[in-house]
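Observations on chain architecture
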Protein chains: 2
Amino acid sequence: MAFGDTFKALSDPTRREILVLLRHERLSAGEIGAHFDMTGASISRHLSILKAAGLIDDEKVGKYIYYTLNTTVMDDILNWILLLKGDTEGEK
Amino acid sequence: MAFGDTFKALSDPTRREILVLLRHERLSAGEIGAHFDMTGASISRHLSILKAAGLIDDEKVGKYIYYTLNTTVMDDILNWILLLKGDTEGEK
DNA sequence: TTAACATTTAGCTAAATCTCTAAATAAAGA
DNA sequence: TCTTTATTTAGAGATTTAGCTAAATGTTAA
């Protein structure tokens, strides 16, 4: 997955809010959807975009699908930003 | 300017490349455009999006307009990412 | 002032995006 | 098995976006 997909995934406010929700807890698709005034189908679409960008992982448990934050991709964009800022830590 | 505008601005590969070009030097719109196989009008549009997002500044000098990187907005998204990563430095 | 150069703005098209409703898939419980 | 619950997939409509060409703006130089 390229940078573009990550930034594109982060450019939507609903998706950023989903990531914040997942900051400390694992939540099912339904629990996530309950936080938004939007159909479950739309939330599902956002979740699939976040997953394709590598920003979340999913795990099926019975009839639920639980989502968790995956911060490894963020390290890449973190370094890219630090590189732009001229921070030598991000250059190598 | 909100987070969404910043991430949206960063989601385009041409715009990210422009930021990298400006990392060490100040460049005019024409000099920036010379790096891309794209019309000057399209580059101009990208520059206006980057400027609206606060990622670059411009300065008119004679008939040229010079662009420079502005990294202050990046600090905000840097902190937002650190917050997601659970880094306490980014929480305050 | 006129011509040339640098850049932006306006208007267009094609492609992408977000949201919805309806239908499909999969698991749980009666 | 049949029904309900959880979630995703498919298709449609509205909006946004990236690129183009042509026209407009502003500056320099002849």
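Above this text is the structure in question.
Everything numeric in this text was worked out from a predicted model, so none of it was measured.

**Examining the relation of the copies chain B and chain A**
Rotating chain B by 180° and translating it 0.0 Å along the rotation axis places it on chain A, where the RMSD comes to 0.0 Å. Put plainly, the chains are arranged around a two-fold axis. Every residue of chain B has its C-alpha some distance from the rotation axis, and the shortest such distance is that of phenylalanine 7 of chain B, at 2.7 Å. Looking at the interface residues of chain B, 100% of them are also at the interface in chain A, so both copies use one shared face.

**Considering the protein's contact with DNA strand C**
For DNA strand C, the set of nearby residues contains 22 residues, the closest of which are Gly62 of chain A together with Ser28, Gly30, Ala41 and Ser44 of chain B. Elements that contribute at least two residues to the surface near DNA strand C include exactly helix 4 (40–52) of chain A together with helix 3 (29–33), helix 4 (40–52) and strand 3 (64–69) of chain B. Top element by residues in the surface near DNA strand C is helix 4 of chain B. It accounts for 6 residues. Each residue belonging to the surface near DNA strand C can be placed in one class, and the counts come to 7 nonpolar, 9 polar and 6 charged.

**Remarks on the protein's contact with DNA strand D**
What surrounds DNA strand D is a group of 24 residues, the closest being Ser28, Gly30, Ala41 and Ser44 of chain A together with Gly62 of chain B. For the surface near DNA strand D, the secondary-structure elements that each account for two or more residues are helix 3 (29–33), helix 4 and strand 3 (64–69) of chain A together with helix 4 of chain B. A total of 6 residues in the surface near DNA strand D trace back to one element, the largest contributor, which is helix 4 of chain A. Among the residues making up the surface near DNA strand D, the classes are represented as 8 nonpolar, 10 polar and 6 charged.

About the cut-offs
Residues numbered from 1 in each chain as written. Chains lettered and ligands numbered in written order. Predicted model: local features only at pLDDT ≥ 70, side-chain atom pairs only at ≥ 80, totals over all residues. Least-squares fit on C-alpha atoms with pLDDT ≥ 70 in both. Contact = placed C-beta atoms within 7 Å. Near = placed C-beta within 6 Å. Helix = DSSP H or I, 4+ residues; strand = E, 2+ residues; numbered from the N terminus. Nonpolar A, V, L, I, M, F, W, Y, C, P; charged D, E, K, R; others polar.

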